[in-house]
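Chain residues, written in single-letter form:
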Amino acid sequence: MSIAAVLLVHVAVALVAPLAVRWLGRRVFYLCAVAPVITLIWAAGISGRVVAGERLIQRIDWVGPLGLGLDLRIDGFSMLMVVLIAGVGLAIFIYCRFYFSDRPDLGRFAATLSAFAGSMLGVVLADNLIALYVFWELTSITSYLLIGFEDGKAAARSAALQAILVTGAGGLAMLAGFVILGQAAGSYSISALLESPPAGAAVGAGLILVLLGAFTKSAQVPFHFWLPGAMAAPTPVSAYLHSATMVKAGVYLIALLAPAFADSVPFWRPLVIGVGLATMLVGGLRALVQHDLKLLLAFGTVSQLGFLVVLVGSGHPDLSFAGVAMILAHGLFKAALFMSVGIIDHQARTRDLRRLSGAHRSLRSTMAVAVVASASMVGLPPLFGFISKEAAFEAVLHDSGWVVSAGIIGGSVLTFAYTARFLWGGFADKELGHGIEPARAFPAAAAFVAPAAALALLTLLLGLVPGPADKLVSASARSLDPEARGSLALWHGFTPALGFSVLTVAAGLAMFFSRDRVHRLLKRFRVRLSASEVYDQSLKGLNRSADRITGFFQNGSLPVYIAVILLSVVAIPSWALIHGFNLPGRLVFAESWGQVAVGAGILAGAVFVARVRQRLVAVLLLGAVGFGVAVLFVMQGAPDLALTQLLIETLALVIFVMVLRHLPSSFRAVQWRFGQALRVVVSGCVGIFVATFALLSAHPGGDGHLAREYIERALPEGGGRNVVNVILTDFRALDTLGEITVLTVAAFGIASLVLVGRNREEEPDEA
Amino acid sequence: MKPDRSMILATSVDLIFPAVLMFSLFLLFAGHNAPGGGFVGGLTAGAAFVLRYIDAGPAAIRTPGRLPGRLLGAGLGVAILAGCIGWLGGGDFLEAIKVSLELPLIGTLKASSALLFDVGVYLVVVGLVLTVLAVLGAEEQR
């Protein structure tokens, strides 16, 4: 099976799901689960070769002349990501089956989630910068649709908009960065770029832009605020996109680039590690003051993403190894934790820890899952989180300075503290505030808990028997950096790393037991200018300035609209007209007396149009001018043009008469002198421009080779004797397609403008 | 019938309307070799509807429902489909593919995907005219 087939399976499922939901109902998620199952089977099939260090490549030609290829490759690191995406995806789809009740838009949700899974696989499989960008944006778009799934809620809509604006802006910066890198490297192939990394000032700028994209996607400070906002999404989405997979795309990209650029680019390490550490601490501190369990986990995810960025971004072989292990561990335990929150929310109808008390009695299995996953998150043995965190501590102590070590320790202590707060808040017996009844939690179905339990079990098994994970992690670290080494084991002896772990647990416990004091202290540090406020203000500013610009150019006066349109028509192309001004040598005044007569008629009509006061008369005269032009076309032997002109004039006349009823029957005399002068100037400019344009375009460069070529090629190549039609439907068919698209848009525009006006008028009657 | 509806006009429109529609189809199909084509054909069909409108007033076309929208959508769809046929023939998007069929009794029938494309243009233009008539015509009636 080729790599592309894996992506196509997801596309197929996404297409079928909305139809299948009619017969399957909620079981449509089982159908969706087929795609990750196939992906996992495929991955298992090639795992032997990939773990051995082989790199499988598939090239698909996309836009050949631009050197654009839909190149796909799978090596150790992408293999690990594929397993994570498909594995967690499988659990999520099964979880969805129980999370949702039957609702009509379930097919849309299932399709979007499948489409997301496919796009995310595309991100980690792409071997071309542009292809990577396309898949990257596809994940942003599907994320937008999934966050805004509850589209009846304003909060969900604005959270979705915020997420796509932040990640989309980062994505655009990243695209520019990709272009700079691709031009500098002479190739858009990612493998080629990493094998012989380009250097220079431009590359530095390009990398900053790419990092901007990675930081926004992976919710790094100061762009972290969109991730907690994205918690408006249904919980399966938060578990899948906003903890296990999509937010790791930035981490993935940094991990990919770090070995090639961390040493050669001076600002790389300070920037990436600084941002990562700041994110880790900010996320941890903010998690400590949340009351909503899901938000608590979201800030926890922000913190963990910062940790991952520090690990993979340093470009050091040992740290890369630890980072890859952490990516896997985090995907497993965080998805399980989110699913547990979803179960609490589903069974108790709240996830506010101020309203939850004693849930451990009814949600016993859920609590077991949450405890195991939490223990893995804080790094307690014998869980996989402990092993990977040990590897991280080991590498950090060995290779990084004391600042990074201290930051990581601090972040880990915070992790312990907020995780303890999470478990306490979700399940413990506690005193609630005055007059608050604890929310009653109903026991959850075993199958509902099963997917989360499976992930928790996996994090336990991989902790006890780290062999298979070790193989996969080693292979993926080696594919990033051939020198990467390290081993995952439960017991390394009494190492400094173990001391770190003990210290973390002790300090974390201390923080948890003095939680009231910590909470009061943190509440006192109110941030004056938070990042989300900056976002709100800039969005408001953008809207305000757009309002002003629109208000200036579209002030409700039809003459002003027309003047703006006409002047832009004149202003822009007339530059080209003056530039290539080349009057044809032989000018003919007229070819027959008939032409002179018709021309005089048209002129007279035009003059009268400008003079008459009655609107109806003006419209009729305008029609007469048009018909005169049609007659000219007939005399010149252009029946197609004449026919079109005639029909257009007829239709325009009828439509004009329909609208005329709403306008005053005669023109008002223009009072304002300046306005009148302006009209004359604008009309004069347009008249001169159009006349010159017609004169020059009839003789491009003196010989009509373009026209001759069309006429010569029409019959043999287009298969038609009517050149005009062959041009429209064959030679320039793409233009025609564009034009009929514009016509369609215009039709809907007219309909909605008129209908909106009508509804507004009718509103008072209905009230 | 509206009280002020002219009998002469009504009768002649009833006669002319199908003829003009037929003529518009003729223009559409003849377009590749003679004057005509999807655009002109569509406008002619639109003119036929305008005739109805002049005769019977907005009542004639006031409730076209979703027809204009469907025509627009169908037209765009057919045009894009015609473009995709170019791919099937191994060429580029919108590259015209020609087939000639030998039919008994009738003779040689030549068809081109450009004609299908023109059908799409025709439908879009008719849809546009109907939309405008329906929307503005209904507006006028109030």
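How each quantity is defined
- Residue positions within a chain follow its written sequence, with the count starting from 1.
- Here the convention is simple: chains get letters from A, ligands get numbers from 1, in the order in which they are written.
- Only residues with pLDDT of at least 70 are given local features in this predicted model, and only at 80 or more are side-chain atom pairs given and counted; all residues enter the totals for whole chains, interfaces and linings.
- Side-chain numbers here rest on the full set of heavy atoms in the structure, without hydrogens or water.
- A run of H or I in DSSP becomes a helix once it reaches four residues, and a run of E becomes a strand once it reaches two; helices and strands are each numbered from the N terminus.
- Contact between two residues is taken to exist if any of their heavy atoms lie within 4.5 Å; hydrogens are not considered.
- Throughout, the Shrake-Rupley method with a 1.4 Å probe supplies accessible areas, and for residues the shown protein chains are the sole cover considered.
- In summary, the charge assignment counts Lys and Arg as positive and Asp and Glu as negative, without counting His or the chain termini.
- Here the site of a charge means atom NZ of a Lys, CZ of an Arg, CG of an Asp or CD of a Glu.
- A simple rule labels every residue: compare its accessible area, found with a 1.4 Å probe on the protein chains alone, to the largest value its type can have, and call it buried under 20%, exposed over 50%, or partly exposed in between.
- The term buried area denotes the loss of accessible surface (1.4 Å probe radius) that occurs when two parts are joined, taken as the sum for both partners.
- Salt bridges are counted wherever a side-chain nitrogen of Lys or Arg sits within 4 Å of a carboxyl oxygen of Asp or Glu.
- In protein, a polar contact requires one atom able to donate a hydrogen and another able to accept it; more generally it is a pair of N or O atoms within 3.5 Å, and residues adjacent in sequence count only if both atoms are side-chain atoms.
- Nonpolar residues are Ala, Val, Leu, Ile, Met, Phe, Trp, Tyr, Cys and Pro. Charged residues are Asp, Glu, Lys and Arg, and all others, Gly as well, are polar.
- A patch consists of residues whose relative accessible area exceeds 30% and which take part in no salt bridge; residues with like charges are grouped when within 9 Å of each other, and nonpolar side chains (Val, Leu, Ile, Met, Phe, Trp, Tyr) when within 5 Å.
- Aromatic contacts are taken between Phe, Tyr and Trp rings whose centres are within 6.5 Å, Trp giving its six-membered ring; a plane angle under 30 degrees counts as stacked, one over 60 as edge-to-face, and the others as tilted.
- For a ring to carry a charge above it, either NZ of a lysine or CZ of an arginine must fall within 6 Å of the ring centroid while also lying within 35 degrees of the normal to the ring plane.
- Every residue carries a pLDDT, the predictor's confidence in it, which falls somewhere between 0 and 100.
- Geometry is summarised by axes, namely lines fitted to C-alpha atoms with helices restricted to the contacting stretch, and by angles between N-to-C directions that run from 0 to 180 degrees.
- Angles below 35 degrees are treated as roughly parallel, those above 145 as roughly antiparallel, those between 65 and 115 as roughly perpendicular, and all remaining angles as oblique.
- Handedness of a crossing follows from how the near helix is turned relative to the far one, being left-handed for an anticlockwise turn of less than a right angle and right-handed for a clockwise one.
- To estimate how far a helix should extend, the number of its residues minus one is multiplied by 1.5 Å.
- Take the buried residues of types Ala, Val, Leu, Ile, Met, Phe, Trp, Tyr and Cys, join any two whose side-chain atoms come within 4.5 Å, and each joined set is a nonpolar core.

(A) Molecular detail of the overall build of chain A. Scanning chain A from N- to C-terminus turns up 31 helices and four strands. Dimensions along the principal axes, computed over C-alpha positions, put chain A at roughly 110 × 65 × 55 Å. By sequence separation, contacts in chain A at least 24 residues apart represent 78% of the contacts at least 6 residues apart. Counting every atom, chain A has about 35700 Å² of accessible surface; 67% of that belongs to carbon and sulfur. Within chain A, one finds 55 positive and 44 negative side-chain charges whose respective centroids are separated by 9 Å.

(B) The arrangement of the overall build of chain B in detail. From N to C terminus, chain B includes four helices and two strands. Out of the 142 residues in chain B, the part that is buried amounts to 47%. Considering only contacts within chain B whose residues lie at least 6 apart along the sequence, 64% involve residues at least 24 apart. Only carbon and sulfur atoms are counted for the fraction: they give 70% of the accessible area of chain B, which is about 7200 Å².

(C) Structural context of the interface of chain A and chain B. Facing 40 residues of chain A, the contacting portion of chain B comprises 44 residues. Summed over both partners, the interface of chain A with chain B comes to about 3700 Å²; 73% of that surface belongs to carbon and sulfur atoms. Our enumeration of links across chain A and chain B arrives at zero salt bridges. Connecting chain A to chain B are eight residue pairs in polar contact (both at pLDDT 80 or more). In terms of residue count, helix H31 (residues 733-766) of chain A provides more of the side of chain A that touches chain B than any other element does, 16 residues in total. Here the residues of the side of chain A that touches chain B are counted per class, giving 21 nonpolar, eleven polar and eight charged.

(D) Looking closely at the environment of Gly-435 of chain A. Residue and element names in this part refer to chain A. Take Gly-435: it is sitting in the loop between helix H18 (402-427) and helix H19 (446-464). Under the relative-accessibility criterion, Gly-435 is labelled exposed at 81%. Once the C-alpha coordinates of Gly-435 and Leu-397 are considered, the two residues, 38 residues apart in sequence, prove to be 50 Å apart.

(E) Structural context of a nonpolar patch on the surface. Residue and element names in this part refer to chain A. Side chains of Trp-62, Val-134, Leu-138, Ile-141, Tyr-144, Leu-145, Leu-161 and Leu-165 sit close together on the surface and give an oily, nonpolar patch of about 640 Å² of accessible area. Elements that contribute at least two residues to the nonpolar patch include exactly helix H5 (129-147) and helix H6 (154-185). When residues in the nonpolar patch are grouped by element, the largest group, five residues, is from H5. Inspection of the secondary structure assignment puts Val-134 in helix H5.

(F) Summary view of the pattern of salt bridges. Residues and elements named next belong to chain A. The full count for this structure, using the stated rule, is 18 salt bridges over all chains. The shortest N-O distance in the salt bridge between Asp-151 and Arg-108 comes to 3.5 Å. Here Asp-151, found in the loop between H5 and H6, pairs with Arg-108, found in helix H4 (residues 106-125); they are 43 residues apart in sequence, far enough to count as distant. One salt bridge in this structure joins Arg-354 and Asp-352, with 3.0 Å as the shortest N-O distance. Given the relative accessible area of 43%, Arg-354 is considered partly exposed. A single salt-bridge network, built from bridges that share partners, covers Arg-103, Asp-105, Arg-108, Glu-150 and Asp-151.

(G) Focus on the packing of aromatic side chains. All names here are of chain A. Throughout the structure, instances matching the rule amount to 19 aromatic pairs over all chains. Taking 5.2 Å as the distance between ring centres and 90° as the angle between the ring planes, the aromatic pair formed by Tyr-99 and Phe-100 counts as edge-to-face. With a centroid separation of 6.4 Å and an interplanar angle of 70°, the aromatic rings of Trp-424 and Phe-512 are classed as edge-to-face. Here Trp-424 is found in helix H18, whereas its partner Phe-512 is found in helix H21 (residues 496-513), with 88 residues between them in sequence. For the pair Trp-424 and Phe-512, a shared accessibility class is recorded, and that class is buried. Over the face of the ring belonging to Phe-98 we find Arg-97, whose NZ or CZ atom lies 4.8 Å from the ring centre. Sitting above the plane of the Trp-424 ring, Lys-430 keeps its charged end 5.1 Å from the centroid.

(H) Fine view of the confidence of the model for chain B. Per-residue pLDDT for chain B has a mean of 82; in total, 86% of the residues score no lower than 70. If you check the scores for this complex, the pTM reads 0.78 and the ipTM reads 0.89.

(I) The packing of H18 of chain A against H21 of chain A, seen in detail. Residues and elements named next belong to chain A. Their axes nearest at 8 Å, the elements H18 and H21 cross at an angle of 50°. Comparing their axes, H21 and H18 come out oblique. In this structure, the crossing between H18 and H21 has a hand that is right-handed. Listed contacts from H21 to Ser-405, Ile-409, Ser-412, Val-413, Leu-414, Phe-416, Ala-417, Ala-420, Arg-421 and Trp-424 of H18 are Phe-500, Leu-503, Thr-504, Val-505, Ala-507, Gly-508, Leu-509, Met-511 and Phe-512. For the contact of H18 with H21, the class distribution of residues is 14 nonpolar, four polar and one charged.

(J) Structural detail: H18 of chain A. With 26 residues, H18 of chain A should reach 38 Å at 1.5 Å per residue; the first-to-last C-alpha distance of 37 Å fits that figure. Burial analysis of H18 of chain A places 21 of its 26 residues in the buried class, which makes it a mostly covered element.

(K) Structural view of the environment of Arg-615 of chain A. Here Arg-615 of chain A lies in helix H26 (residues 615-635). Not counting residues up to four positions away in its chain, the partners in contact with Arg-615 of chain A are Leu-660, Leu-663, Pro-664, Ser-665, Ser-666 and Phe-667 of chain A.

(L) Molecular detail of the nonpolar core. If you look at the biggest cluster of nonpolar residues, it comprises 195 residues, and the most contacted ones within it are Phe-77, Leu-113 and Trp-268 of chain A. Looking at this core, the element that brings in the most residues is helix H14 (residues 317-348) of chain A, giving 20 residues.

(M) Local environment of unusual backbone geometry. All names here are of chain A. The step from Val-221 to Pro-222 runs through a cis peptide bond, and the omega angle for that step is 5°. Relative to the helices and strands, Pro-222 resides in the loop between helix H8 (201-217) and helix H9 (226-229). Non-glycine residue Ala-219 carries a positive phi angle of around 55°. On the secondary structure map, Ala-219 appears in the loop between H8 and H9. The class for Ala-219 is buried, based on a relative accessible area of 0%. For Arg-349, which is not glycine, the phi dihedral falls at a positive 65°.

(N) Structural context of the packing of H4 of chain A against helix H10 (residues 235-244) of chain A. Residue and element names in this part refer to chain A. Viewed as axis vectors pointing N to C, H4 and H10 meet at an angle of 10°, and their least axial separation amounts to 12 Å. Accordingly, the angle class assigned to the pair H4 and H10 is roughly parallel. Contact residues: Phe-109, Leu-113, Phe-116 and Ala-117 in H4; Val-237, Tyr-240 and Leu-241 in H10. Of the residues that constitute the contact of H4 with H10, the class distribution is seven nonpolar, no polar and no charged.

(O) Spatial organisation of helix H13 (residues 293-313) of chain A. Residue and element names in this part refer to chain A. With 21 residues, H13 should cover 30 Å at 1.5 Å per step; its first-to-last C-alpha distance of 30 Å lies within 8% of that length. Counted residue by residue, H13 has 20 buried out of 21 residues, so it is predominantly covered. A positive phi of about 70° marks Gly-315, the residue just after H13.

(P) Focus on the side chain of Asp-71 of chain A. Residue and element names in this part refer to chain A. Following the sequence through the fold, Asp-71 ends up in the loop between strand E3 (68-69) and strand E4 (72-74). Judged by its relative accessible area of 9%, Asp-71 falls in the buried class. Sequence-distant contacts of Asp-71, that is, excluding residues within four places in its chain, are made with Gln-58, Arg-59, Ile-60, Leu-125, Ala-126, Asp-127 and Asn-128.

(Q) Representation of the environment of Cys-84 of chain B in the model. Locating Cys-84 of chain B in the fold gives a position in helix H3 (residues 67-88). On the basis of relative accessibility, which here comes to 27%, the residue Cys-84 of chain B falls in the partly exposed class.

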